[in-house]
Structures are given as structure tokens and as C-alpha cells.
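Report on the structure
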4 protein chains.
Amino acid sequence: MPARLIDSFATTGALADIFSDRAVLAAMLRFEAALARAQARLGMIPQWAADAIARVDCLDSASLAEDARASASLAIPFIRALTRLLDPEAAGFVHWGATSQDLLDTTLVLLLRLARGVLSENHARLASALRTLSDRHSGTVMLARTLLQPALPTTFGYKVAGWYGAVDRSWRRMSRAFDEALVLQFGGAAGTLAAYGDRGPELAAALANELALRAPDAPWHAHRDRLATLVAHAGIYTASLAKIARDIALLMQPEIAEVSEPGGASSAMPHKRNPAGSVVTLAAATPVPGLVAAFLSAMPQEHERAAGGWQSEWPTVAAVMQATGSALGALAETIDGLTVDPVRMRANLDALRERVDLPGDYLGSAEVFRRRILKDSE
Amino acid sequence: MPARLIDSFATTGALADIFSDRAVLAAMLRFEAALARAQARLGMIPQWAADAIARVDCLDSASLAEDARASASLAIPFIRALTRLLDPEAAGFVHWGATSQDLLDTTLVLLLRLARGVLSENHARLASALRTLSDRHSGTVMLARTLLQPALPTTFGYKVAGWYGAVDRSWRRMSRAFDEALVLQFGGAAGTLAAYGDRGPELAAALANELALRAPDAPWHAHRDRLATLVAHAGIYTASLAKIARDIALLMQPEIAEVSEPGGASSAMPHKRNPAGSVVTLAAATPVPGLVAAFLSAMPQEHERAAGGWQSEWPTVAAVMQATGSALGALAETIDGLTVDPVRMRANLDALRERVDLPGDYLGSAEVFRRRILKDSE
Amino acid sequence: MPARLIDSFATTGALADIFSDRAVLAAMLRFEAALARAQARLGMIPQWAADAIARVDCLDSASLAEDARASASLAIPFIRALTRLLDPEAAGFVHWGATSQDLLDTTLVLLLRLARGVLSENHARLASALRTLSDRHSGTVMLARTLLQPALPTTFGYKVAGWYGAVDRSWRRMSRAFDEALVLQFGGAAGTLAAYGDRGPELAAALANELALRAPDAPWHAHRDRLATLVAHAGIYTASLAKIARDIALLMQPEIAEVSEPGGASSAMPHKRNPAGSVVTLAAATPVPGLVAAFLSAMPQEHERAAGGWQSEWPTVAAVMQATGSALGALAETIDGLTVDPVRMRANLDALRERVDLPGDYLGSAEVFRRRILKDSE
Amino acid sequence: MPARLIDSFATTGALADIFSDRAVLAAMLRFEAALARAQARLGMIPQWAADAIARVDCLDSASLAEDARASASLAIPFIRALTRLLDPEAAGFVHWGATSQDLLDTTLVLLLRLARGVLSENHARLASALRTLSDRHSGTVMLARTLLQPALPTTFGYKVAGWYGAVDRSWRRMSRAFDEALVLQFGGAAGTLAAYGDRGPELAAALANELALRAPDAPWHAHRDRLATLVAHAGIYTASLAKIARDIALLMQPEIAEVSEPGGASSAMPHKRNPAGSVVTLAAATPVPGLVAAFLSAMPQEHERAAGGWQSEWPTVAAVMQATGSALGALAETIDGLTVDPVRMRANLDALRERVDLPGDYLGSAEVFRRRILKDSE
């Protein structure tokens, strides 16, 4: 599914798809089917009812968004639409004992699991491209620049290793945050699973099993720290990508011309070559800090389910994940196709030496540090 | 067009439509048609070419978003697609002398003009409902509450007038911000309109006229303060709506029960009645401060066109406008249907008097202030 | 008073002084003195009591901040400390009929009025320097750059006019926001001024007069849109300064070397010259969008006085004003001392022409636009 | 040292002290002394010079902040002031081979280590109070509330366990973030430690040892992900505190009156008792999401040292740590002194049962979940 035009740089086709109506409904249906199957397995509802529920595989979404506004919950019109597709007897077993938030939070978790797959693959591609680039240029001398002014010589390989180190650390944290956040939500109306007598935890375990999710120690309706951790680490990861993109855009200034991206034609000026991948990376990454703040500011949620804060989360989480994927996709492609000009790097260093009293060419421990960074992440 | 499910509370159908692919493309085509017509009128291109360009009324958007990523510009694949629909001779006159940003910024302005219409209508409805409610309850005594504790008596009419005053002031500022932001962008590749010799300003005026927009004193490619002002005022307006929603949700707690929204059924608990409209308002409004920050942090844009900051704006601006519309729509409906319980208001006041040493019933200048607020905005 | 070291780039001495304990206490005492005098004039309290209150001109602040935490209000320990300095009879007339928020909000307004004075003076200096610079370089040809790549020729005078236009518009908005926000807060415990019978508005007018502030139509305890408008416009103004600083830092890269700041020595590398003023401007401006979000997210305040949101505002507002002043001070000095190198500008243009197929030297309407911008703000 | 009045709720005395000029200078001197000692040990500078440098134990800070602005670096005037206190021979060995950022980043790390101590102690106090409270009320039945409406019965013990679980998880993450962020910064002018030949890593290890810090794999001048992680986790931790404070303020509404804080007198209304601790917690926590965004948006830092982003960090990091400490201190005290009213909890449940068709008293798995949460964090 193509991204919306307005979101051209804010997502990719693959990620837009993961948060599309089709995917949201599929995840919601999957939750209800899994719940029914788990309940049937534990003898709580008849197997035929579970089978009937699990057979529904699509739903008309036309008025769901509008109807969701009337009840402040997408779950309510969804359940209504789902039961209408079933015969009355089976309909009575839909969503039995669960609450809207169980369905909606778990749906989000299922979508996030899909997003993780896409991000993970692209991260691996970027990480590998960065390692290769660093190794290839371990001996390519260039200017280190501080405050946009020449500092001392360094190597492009060490510079790239610095990029890689930040991206690698940030991804590891984000990956742990995914591990922690991808857990079932299942607490019933008040977080006590009261509808199931003392069999709540047993059912939670069975439901988690159906969905191949971990069951957390307890429902987390009003406690959003796991999701917040994921959102925050996506923010840090994306900022680490943006730092690379900024460096590339700066190095690609024609007066510096030390690296060059493929692509990037201009509409009005055929002579220009734009740092298109870096620009897309920066365009995707720029709004993310504000989105992280949006999530955090919704966290002080009232009692056992918030009046507004919780309901605000979906677009924010979806936007953060998609921005991460967009920045990552653009940057991976940029690094893959990056042209490096060692001659120009050397020339810039020499040219500056004539104008400023630049110390010698000694590279100090650049290579030691470079190897350490790459080793740390093996 | 229905909103995406994930955006159920973050937009409305009407506003989702305004930022849809269909609407984006229509606005882009409108810009190119207007440019061609203005150029034909000034004798810069042949009338037949302008006619041909203006006749194009739809475009295949399937791969545009993906192609936009390759050039970091939606304008480039759009122009390519547009020219492919024309015979080669006319094609050469498309977008003549203009730059991507002229097209894209003006497109955004055209969409914002549509959004303004929807918001304006809903604001009028909300404002009128608030005035009526305030007048109706000018004599309805209730507790003023500070730090969520009982303070002194006030009137519900005065409380509502306070809500109204903030919303009215915020809308007036936002309306002025629309006036200021809804201007043509037209500067050519470097903001000098160099392609048109000394006829640039004349063409800008003609193009503005075609689009029924004002022409600003100069192109504003890298100067985003007018848009920022609009985004910020949408943030303040939305926060003023959220304050009302928060008050209503608090007053609707059953232990207080002084007002009540229509609607709001719960999926798991048929006995419950939720403050659905307030929740949707708060859900829409909560992320907006972060979005405002996202816009502001993109403002320090490099030289004559940014490498990332500018390209980040569309999703943020669209999200802010849609959130504003969503919060506004939900709140207007809530206020329209709000049930007020003066007996309970009085009972809460009396009940508290037994437990705390509450001063007398004197309302001071509540009514004076109430009338002043309503009068100020006539 | 020197700024704290940790705030070296986040404020200036003059602005740190305005938000210092000494200044806060002076403004608080001024409010209480003005209230007493206004009440004496209206015969509400004896003149001798007002005189006694107005005579107090300093207060021990040692434990006030700590004590404020115990009551969630700085006003309570302040009033206690103030009354302890008076004989018991006069003490009984202190703060009579007013509420904590009247004192604290008006104190903030008084501090903001002082901040406005400092900012206004520095803005005038910057604006004048920019106009002069633009005029001086109306004929200095240079490269316009888009996406950090060469675009077409423009003039440095036009570039500076663009900077000026954004700063000038942003300041005008901020100045109007000051006009709107600098109003008395006076509503008593519940916003009804109930303690004063029907004389509340009369007393409010007298008090406003004593403080040389406008009295608004009604108290604004839980309606923070006027302050929010000021904070937001400070955010936009500061972002407009940051754009200039970013451009200068980029132009000062030695490979470009078209402008140069005075000062900026480096500790480790004597050969370096850093864009120190631009860096301070950017350092001050970078956190401001987040601070704006912080203010906006505190706006949905409960009922007649918030439980947390209101109490969060002071550090945010003070930080925004100080950041604005810091960015402004550094940039004004930078522009004042900026060295422009027209020969290098021309050389960069010519050098690029050899490498890319740059169109001719035609400047289009650069000068027309430049003059329009400067004229608009006369 | 008392906090500034303007920061009454934004810090505590202990934390204000940690970021005071005195503490900043002490940490800066400690770095220089440790560097000199490490260099003497490795025979790089004479021992007498190291001794002389290490003997300096205070410095006049009067003009440092102002001077820092001139060079965009606090390190430069600091080194100048330090060398002035030494005889010329020793002065030549000060800061030898190091760069401003080595000094300033490590100073920040040393301050953060102090802050960690204060936070850690207060967290332990809060965590213990929450566990005790949860255990004491494992059988105290009350209403669970969703969307501020009655849901089903739960226990106060389970509710408190939910608070505890979020705070405990968030602290563990923050604690790991401290572990990761508290590392030496030492890279020299360009991150290569070029001044020390091939002995850079050896010196880095010795310096880290002197400061009892870990040495990271490589300098991290332009890679701020470790600090960002700490800032983000402080944001999540603080939001988890704010959620508790919000719940308490809501439960303390007199119409609900299920819990009650100690303290909280009102200036204008002696009959009132305010949720003072919760209000301070919320006041401290409210701006933190914006501060997190401020840090993240500064992360895409140019090349080997940023022009603005890096220099913006100190006030943001200091504000986040202090806000965390303020929220934590206030909440720990609140929980310690919290009065719970089980009779009223029961009465509210029964009263609502008369008005709405509330299901039975069955608590489901509340106690199972409660115990799991407490066990998980043992």
C-alpha cells in the first residue's frame, strides 16, 4: 500500500501498510479469535463458537472511525460489527469478559511486532553497510571538524565507526525495549479479570500463547512505561540516524565535496545534485522528539483507565515507528550508495593547512578507537 | 472519506479528506493551472498551453510517494507525471520558472484554507453553544474548585463564560494567524524569480489573483514564522478546548455528577456512561504541544531552502490541523448536548458545607465578570 | 548578578537578575504594597496599615523555597514572612481578600514587564544592525544555496533582508503578545472577588492602576492562553534568530568563508576561530521548542485553579524569556561585528560555475523583494 | 543551598546544590587535578606540576559565565582562571592535550553521579513506602475507575502495587541508564587523543581510574545517545510518579475522599486542605516531556563537535534531574504520610451501587496480580 502523499517522508510503503485499516482490523480479529480459542480450550465457551469467531476474516471498516468517536473507543463499534457477522448464539461469546483496552492495546502490540520485523531488517542492512564503509576507509585521512571549523586530522573510517557505534547502541536498546513492550494486555474491565473467577491468569497465559506473546506479571492498563520506553528509544535511534544524515549533507556541500549521495535531481536546477537520502532522513527524524514528548505527556493516566491520555497514543506511536522506518530506509540506501572522495579529503586538509596553522598529520588513537567500537558490537 | 482507524480521534472525516491524496493532488494541479493561466495572461506562455495544462484534472498517485523519496521532493515526480499527460509541446510549459517549494508551499496553503473553513464553522457552533449555556446558567450556583478542592461558590454561567473567553480569544488569534499564513509562495529556484526577468513580481501578483491568495512582500522559502504562528495558535486553541473537556470529565464523575454528556456506552460495563466527547477532545489535544515543538524545532532552516527541516513540515501541520478539528468537533457536540444538574450542584455545595467550614453563598462579582467576558467578544 | 555557570548560554546576567530571588521578592512586595494602597484609597483598610505594608522593602528568602513545597504555594510562606515583619494590627491587613494566585501571577507579569524592556532594547539593536547590513550589501552577489547545494545567484543584502523580515515579524507578534499578557491577575479565592462585596471590579481597577498594568475583563486563573501566546511567540522569535545563526555558522566554514564572526578562540587548537556568537545563539534556542511544549501541555488546568499545571509554569516561562534574551544578545553582537567577504562570495560563485552548469548572474527581483521587506517594517 | 524561588517546585535544595556554581567548579577542578595526576603517574608531566594543579581548590566564578559566552565555552575562561592561580611553570601543564569537551562532559558526568546518589536514596524510600502501603491494603476494597467513571471493585493494595510496579521498572531502567552514561569523556581536540602519541588509551584508563569512572570504548563527543537514554528514562520515571500524584489528587477530592495527604493549607480559605505533595509532584513532572524533546532535538550534532546542540545540553539535563528529584521527594513524603479511608472506599462503592447497576464484589485475580508485581521486583 503506498503511503499517503502527505506522509511521503514520514513513512514507507511497508510501514504505512502495518498501520493501515486492513492491518488494524486483521490484528483486532486475531485478538478476538485467539481469545475465543483460548477460552474454548479452557472450556469457558463452546468450541463451535470459537470456530465461528475465528472464521471471520474481514470486516467493513467504512463507518468504524466515525462510530469510534461516539463512544471514545474503536473497540465498541468493532465488536458490534463483528457480532453482526455472526449468528446470535456465537455472537454472545465474542470478546467475552474482556475490555476494550485489552483488545486495543494488544492490537497495538501486534502491529508493533510487525513493525519491528521491518525495522530490524533495515537496521541490519544499515549496520552492515556502516561496518564495511568504516573498514574500507580505516586509512582515509580527513579533517575532523568541530563547531563547523577544522580541528585535526582523523580518518573517515573512525568517523563512520562513531556513527556506527551510536546506531548500534541505540538499536540494542530499542530492541530490548521491543522485548519488554511486546506483551499481552489482558485485565478485563478493572484489571482484575473478574469475569473469569480465579481462572484469569490461566486464561491470560493461554491467550498469550495463542498470540505468541509474553504475558506480563499483571495488566498494565494505566501504566505505559513499557511503551514509553520503546517510543523513547525509537527517538534516540532516529536522532542517531539524523546525526549521520546531517554529517553527510554537510560533507556533500560542493565547497567540501568529500562524499556524495546517489540520486537527488532538482526540478528547477538541472545542474544540482541534492543530498536526497539525507534530507529524507532528516525530514523523517525532525518531528520525532516532539512525538516522544507527546507520548510522555500522556502518561499520567487517571486511575485504572485514562480519560484522554490513553486514547491519544495510537497516532503518536504509529508516527514514531513510521518515522523511524522512513529515516532508516533512506539512510540505509544512502550509505549503501555513498561515494567517498579520499583525494578531496586530503586536498581539503592540505588547503586548510595553508590558511590556518594546522598541526601535523598524526592520527593518534583513531584506529584503536575505531576497532574497539566495531569490536564492542560484534 | 473516512479517517484511518488509527487516527479515529486524531481527525474527522472532513479534515482527513482535506489532507487526502485526492485533495493534495487537486491543490497541486490547481497551482500549476493557475501558474500557466497567469503566465498566458502576461504573454509568457501560449494560451493553448495554459488551457491544456488547466484541463488536467486528475493524476495517478500510485507511485508518487515512493518516487518523492528518491528526490526528496514530491514536486519532481508530480511534475513528471503531469507532463506525461500532456503532449510534448504543452509539457514544456508546465511549472515554467517555478521551483518545487513554490508548488508545495502553496499547495499546503490551499489545503489550510480548506481546513480553515471547516474549523471556522465548528468554532461558530461551539462558541454559540457556550454563550447560550453561560446565559442559561447565569444564576446556577455551584462550587468553585481549586487544586481539586472546594473553594467558594460561583455560578456555572461564569465558569462557562471563562471557558468561552479563552476559546474566543484563542480563535481570534488563530484566525489572524490564518490571515497571515494564507499567502502565496512564489520565488523560483533561489527566491529571486530570476526566470522571469523583471516581471517576477507582476507574475506573482497575477498568480496570487488566480488562486485568490494574497501575495506577500517577498518569497518566504526558508522563513516559516507565519506557518509557525498558525501552528502555535492551533496549539493554544486546542489546549483551551482540552481545559473544558477536562472540567467536564471531572464534573461528570458520579460522586460529583454535576453535568453529564450524552452517549458514551462502555463495552464491558453496561452500567457505565463515559464522558466520550471529553475523552475524544482530550485524546486529540494531548499530542498537540509535542507537534508544535516539532514544527518549531524545524524552523532554523539552512540558507535559501532547508535540508530536512522544511521537508518535515507537512505531516506536522496536517496533524495539528486535524487534531484541532477533532477536538473541536467532539467538544462542540458535547456542549450542545450537555445536561446540567443545578440541584446536584447545590447539593454538593450544601453537603460540603457540613464537612468543611465553607463561607457563605456570596457570589461577589461573578455576574459582572461573566457579562464582561461575553460582551468583549461580541 | 552573574548567571549560574550551568546557564551560561541559557541566559544573560541582566535576565538572570530579573528572575532572581531578589527580583521575585521585590515584585511580590510590590503587589502587596499596591494592593494595600489601593484598598486604603477605597477605604477598605486604614491608610496607616497600607503605609506599614508598603514600607517593607526586603524579606529573608532563606527558607521560602523549601516552605513553598510544603503548601504547594510560594505565596503562603511569603505572606507569613511578611506578616511577621509587621506589628500584629497591620499584619491583619496584608493580602486582604486576595488569593495566592493573584499574587503569584501578577508577580510573574511584573517580571515579564522587566524582561520585555531588556529584550526590546536588544531587538532594536539587532534589527538596526540587520537593516544596515542589508543596505550595505544590496549589490553583493553570492550563491543562494538550497539543500546545502548551490542554486542561483542572489545578493547578501537580500539574504539579510530575509533574516530581518522574519525577525521583525516575529518581534511584532511577540510585542503584541506582551501587550496582551501584561495584565493584572486579581480574582480572589474563586475568581469572584467575593471578599469585596460588589466593589471587586473597582478595587481591581485601582490595583491595576497602582501597578501601571491593564485590568483584564475578568480574572484568568485557569485560562492561560495569554501567557501561552507570549511563550509561543518567544519560541517563534528565537527560532528566527537560530536560523540566522545557523546560516552564519555555515557561511563561516573555512571551505566557504564568506562571513566571519569576531572572537571565538579554541582551547585546544589556537589555529581555530569558532562561530562563537552563532553557537551561543543556537545553544540558547535549541531547547525552546520543548519549553513551549511544556507550557502548552500544562494548559488544560482543572476548574478554577489547577492541581499541578499552573504550579509548573514559572521555571518554563523564565527559561523561555532568558533563552530568548541569550540568543538575542549573542546574535546582536554577532551581526554588529560580522565581517563579510564579497570577494570570496564572488569567487565561490565562479569556482562552482566551473564544476556545475550554473546559470548566469541574473539576480531577478532580489532587489525589489529586499526593498519591500525593509519597507514593510518601517 | 536553597533552591531559587522561581524553581521552588522544580528542584530541591540538595539537587540545586549539585548543579550550583560551587559544585560545577569543584567537578571541573577535580577533572583537571585527576588529569594532571594521571599524566604525572604516566610520566607525561612532572609530579610537582600535578601537585600544584591538584592543590587549587577554589576559583572565582564571578565573570566566568559572561566570559563563557564570548568563546562559546565555559572551559576556556575556566582554564584561564585556573592557570592564573598557578605559577607559570605549573600553568603550562594544566589541561594538557585535552579539549574543552573532555572537561565539560566529564564534569557533567561527575554531577550526574552525585544526583544519582540523591535520587537513589529517595527512590528507595518511595519504593519501600509503596510496598508497605500495598501490603497493608491488600484487602481494602474500593472502586476501580475507568475514564473517571466507576468500573468494578478492586483493592487499594492492587492499585498501589500497580503504581509501585511502574515506578520500580522505570527506576531499574533509569539506573541502568546511569550505569551506561556515567563514563569518562576523553578524546582531545578531534577525538583521537593525538596529543599523547600512542598512549592516549592508557592515559584515558588512568584518568578514568582517578575519577572512579568507567572508560568507554571510544570518545563520544558528538554521540549523545547514552546521555539521551538517561534523560529519557528520567522522563519516564517522572511520568510514573506523576500518574500516582494525579490519582491521589483525584481520590482526595472531598466528594470522593478516599485518601488524604498531610499538610496543604490554603492562604485564602482556611477550610481547605490541598493535595500539596501531589501538586508539587505534578508541577515538577509536567515540563519534563518537553525537556526530553529539547535534549533529543539537539542530538543530530555536526561532525566531531556540534555548533550549538552540544552547548545546549547542560540546562536541560540539570532541569530534568532536578525535576525528577523534586517530584520524587514530594511524592515520597506524600506516600509516607498518606491517610487511607477504607470505610469511605466501601461507602463510595455501596453508594454507587444504588445509582448504577454495579456488578458484585468479586475481586477476580487482583491479589494474584498484586503479589506478582511485588515479587517481580524483589
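All values reported here derive from a predicted model rather than from experimental measurement. Per chain, the residues get numbers from 1 upward, laid out in the order the sequence is written. Here chains are named by letter from A upward and ligands by number from 1 upward, in the order in which they appear as written. Confidence filtering applies because this is a predicted model: local features only for residues at pLDDT of at least 70, side-chain atom pairs given and counted only at 80 or more, and all residues used for totals across whole chains, interfaces and linings. Only hydrogens and water are set aside; all other atoms, that is, all heavy atoms of the structure, feed into the side-chain values.

What to know about the overall build of chain A
Elements are defined by DSSP. Helices are runs of H or I of four residues or more, strands are runs of E of two residues or more, and each kind is numbered from the N terminus. Along chain A, the regular secondary structure elements total 15 helices and four strands. Dimensions of chain A, computed from the C-alpha atoms along their principal axes, are close to 85 × 45 × 35 Å. Relative to its full complement of 378 residues, chain A shows a buried share of 71%. Computed by Shrake-Rupley with a 1.4 Å probe, the accessible areas treat only the displayed protein chains as cover when residues are assessed. Of the roughly 10,900 Å² of accessible surface on chain A, 52% is carried by carbon and sulfur atoms. Asp and Glu are treated as the negative residues and Lys and Arg as the positive ones, with His and the ends of the chain left uncounted. In plain terms, the charge of a residue is placed at NZ if it is Lys, CZ if Arg, CG if Asp and CD if Glu. Across chain A, the 37 positively charged side chains and the 40 negatively charged ones have centroids separated by 6 Å. Any residue under 20% of the maximum accessible area for its type is buried, any over 50% is exposed, and the rest in between are partly exposed; the area is computed with a 1.4 Å probe on protein chains only.

Here's the deal with unusual backbone geometry
The phi angle at B:A212 is positive, at roughly 55°, despite the residue not being glycine. Position of B:A212 relative to the elements: it lies in the loop between α9 (200–211) and α10 (225–251).

Quick notes on the interface of chain C and chain B
Contact between two residues is taken to exist if any of their heavy atoms lie within 4.5 Å; hydrogens are not considered. Taken residue by residue, the interface counts 76 residues in chain C and 76 residues in chain B. Put simply, buried area is how much 1.4 Å-probe accessible surface two parts lose in total, over both of them, once they are put together. Taken together, both faces of the contact between chain C and chain B bury some 6,400 Å²; the carbon and sulfur share is 62%. If you sort the residues of chain C by the area they bury against chain B, C:D217, C:K243 and C:H303 come out on top, with a joint share of 11%. Salt bridge criterion: a side-chain nitrogen from Lys or Arg within 4 Å of a carboxyl oxygen from Asp or Glu. Across the chain C-chain B interface, the total number found is eight salt bridges.

Side note on the packing of helix α7 (residues 100–136) of chain B against α10(B)
Residues and elements named next belong to chain B. Running from amino to carboxyl end, α7 crosses α10 at an angle of 25°, the nearest separation of the two axes being 13 Å. It follows that α7 is roughly parallel to α10 by the angle criterion. Seen along the crossing, α7 lies across α10 with a hand that is left-handed. Listed contacts from α10 to L108, L112, H123, L126 and L130 of α7 are L227, L230, Y237, L241 and I244. For the contact of α7 with α10, a count of residues per class yields nine nonpolar, one polar and no charged. Each axis is a line fitted through C-alpha atoms, taken for helices only over the stretch in contact, and angles between the N-to-C directions span 0 to 180 degrees. Under this scheme an angle from 65 to 115 degrees is roughly perpendicular, one under 35 degrees roughly parallel, and one over 145 degrees roughly antiparallel; angles in between are oblique. Two helices cross in a left-handed way if the nearer one is turned anticlockwise from the farther one by less than a right angle. They cross in a right-handed way if the turn is clockwise. All residues other than Ala, Val, Leu, Ile, Met, Phe, Trp, Tyr, Cys, Pro, Asp, Glu, Lys and Arg, Gly among them, are scored as polar; the first ten of these are nonpolar and the last four charged.

Considerations on the packing of aromatic side chains
Any two rings among Phe, Tyr and Trp, with Trp reduced to its six-membered ring, count as a pair given centres within 6.5 Å; such a pair is stacked if its planes are under 30 degrees apart, edge-to-face if over 60, and tilted if neither. Scanning the entire structure with this criterion turns up 24 aromatic pairs over all chains. In textbook terms, an aromatic cluster arises when at least three aromatic residues are bridged by ring pairs, as seen for A:W96, A:F186 and A:Y196.

Notes on the side chain of A:R370
The topology assignment puts A:R370 in helix α15 (residues 366–376). Relative accessible area serves as the criterion here: at 5%, A:R370 is assigned to the buried category.

Notes on the pattern of salt bridges
Any two side chains of opposite charge can pair, on the condition that their charged atoms come close. Within the structure shown, the criterion is met by 95 salt bridges over all chains. In this structure, B:R346 engages B:D350 in a salt bridge whose closest nitrogen and oxygen atoms are separated by 3.5 Å. Of this pair, B:R346 and B:D350 both sit in helix α14 (residues 342–355), four residues apart, which is roughly one turn of that helix. The exposure class assigned to B:D350 is partly exposed, which follows from its relative accessible area of 32%. Where D:K243 meets D:D247, a salt bridge forms, and the shortest distance between an N and an O atom there is 2.7 Å. One end of the pair is D:K243 and the other is D:D247, both in helix α10 (residues 225–251) and four residues apart, which spans about a single turn. What makes D:K243 buried here is its relative accessible area of 3%. The structure contains a network of salt bridges with shared partners spanning A:D135, A:E367, A:R370 and A:R371.

Description of helix α15 (residues 366–376) of chain B
Listed in full, the buried residues belonging to α15(B) are B:A366, B:F369, B:R370, B:I373 and B:L374. One side of α15(B) carries all its buried residues, which in axial view fall inside an arc of 130°. Those residues of α15(B) that are exposed and angled more than 90 degrees off the buried face are B:R371, B:K375 and B:D376. Looking at the buried positions of α15(B), the neighbouring elements they touch are α7, β2 (149–155) and α8 (156–181) of chain B together with α9 (200–211) of chain C. The arc in question is formed by the directions pointing from the helix axis toward the C-beta atoms.

So, the environment of C:E121
All names here are of chain C. As for its placement among the helices and strands, E121 is situated in helix α7 (residues 100–136). According to the relative accessible area criterion, E121 is exposed, its value standing at 61%. Along the primary structure E121 and G329 are separated by 208 residues, whereas in three dimensions their C-alpha atoms are 9.9 Å apart.

Some points on helix α8 (residues 156–181) of chain C
Helix span is expected to be 1.5 Å times the residue number reduced by one. Taking 1.5 Å of rise per residue, 26 residues should cover 38 Å, and α8(C) covers 37 Å from first to last C-alpha, within 8% of that figure. The element α8(C) is largely enclosed, with a buried count of 22 among its 26 residues.

A closer look at the relation of the copies chain C and chain B
Rotating chain C by 180° and translating it 0.0 Å along the rotation axis places it on chain B, where the RMSD comes to 0.0 Å. This pairing of chains is accounted for by a two-fold axis. Rotation axis and chain C: the residue whose C-alpha lies nearest the axis is C:A293, separated from it by 2.8 Å. Interface overlap between copies is the fraction of interface residues in one copy that are interface residues in the other; for chain C against chain B it reaches 100%, indicating a shared surface. Copies are brought into register by a least-squares superposition over C-alpha atoms of residues with pLDDT of at least 70 in both.

A closer look at the pairing of β2(B)
Put simply, side chains in a regular strand alternate between the two faces of the sheet. Residues and elements named next belong to chain B. Of all seven residues in β2, seven are buried; the element is thus mostly enclosed. Any two strands with at least two DSSP bridges between them are considered paired. Sheet topology note: the strand β1 (residues 141–146)/β2 ladder contains five bridges and is antiparallel. Bridged to T146 within β2 is Q149.

Description of the environment of D:I76
Residue and element names in this part refer to chain D. For I76, the location among the structural elements is in helix α5 (residues 75–84). Take I76: its relative accessible area is 13%, and that puts it in the buried class. Spatially, the C-alpha atom of I76 lies 14 Å from that of G92, the residues being 16 residues apart in sequence.

Thoughts on the packing of α7(C) against α8(C)
All names here are of chain C. Axis separation between α7 and α8 bottoms out at 10 Å; the angle between their running directions is 160°. One element, α7, and the other, α8, form an angle in the roughly antiparallel class. Read as a crossing pair, α7 and α8 show a hand that is left-handed.

Here's the deal with the environment of A:Q149
Structurally, A:Q149 is set in strand β2 (residues 149–155). A polar atom in the side chain of A:Q149 sits 2.9 Å from the backbone oxygen of C:M252. Whenever a nitrogen or oxygen atom comes within 3.5 Å of another N or O atom, the pair is scored as a polar contact, on the condition that within protein one atom can donate a hydrogen and the other can accept it, and that pairs from neighbouring residues in sequence are kept only if both atoms are in side chains.

Structural notes on the confidence of the model for chain A
Across chain A, the average pLDDT comes to 95, with 96% of residues at or above 70. Both scores are available for the predicted complex, with the pTM at 0.98 and the ipTM at 0.96. Residue-level confidence of the predictor is what pLDDT reports, using numbers from 0 through 100.

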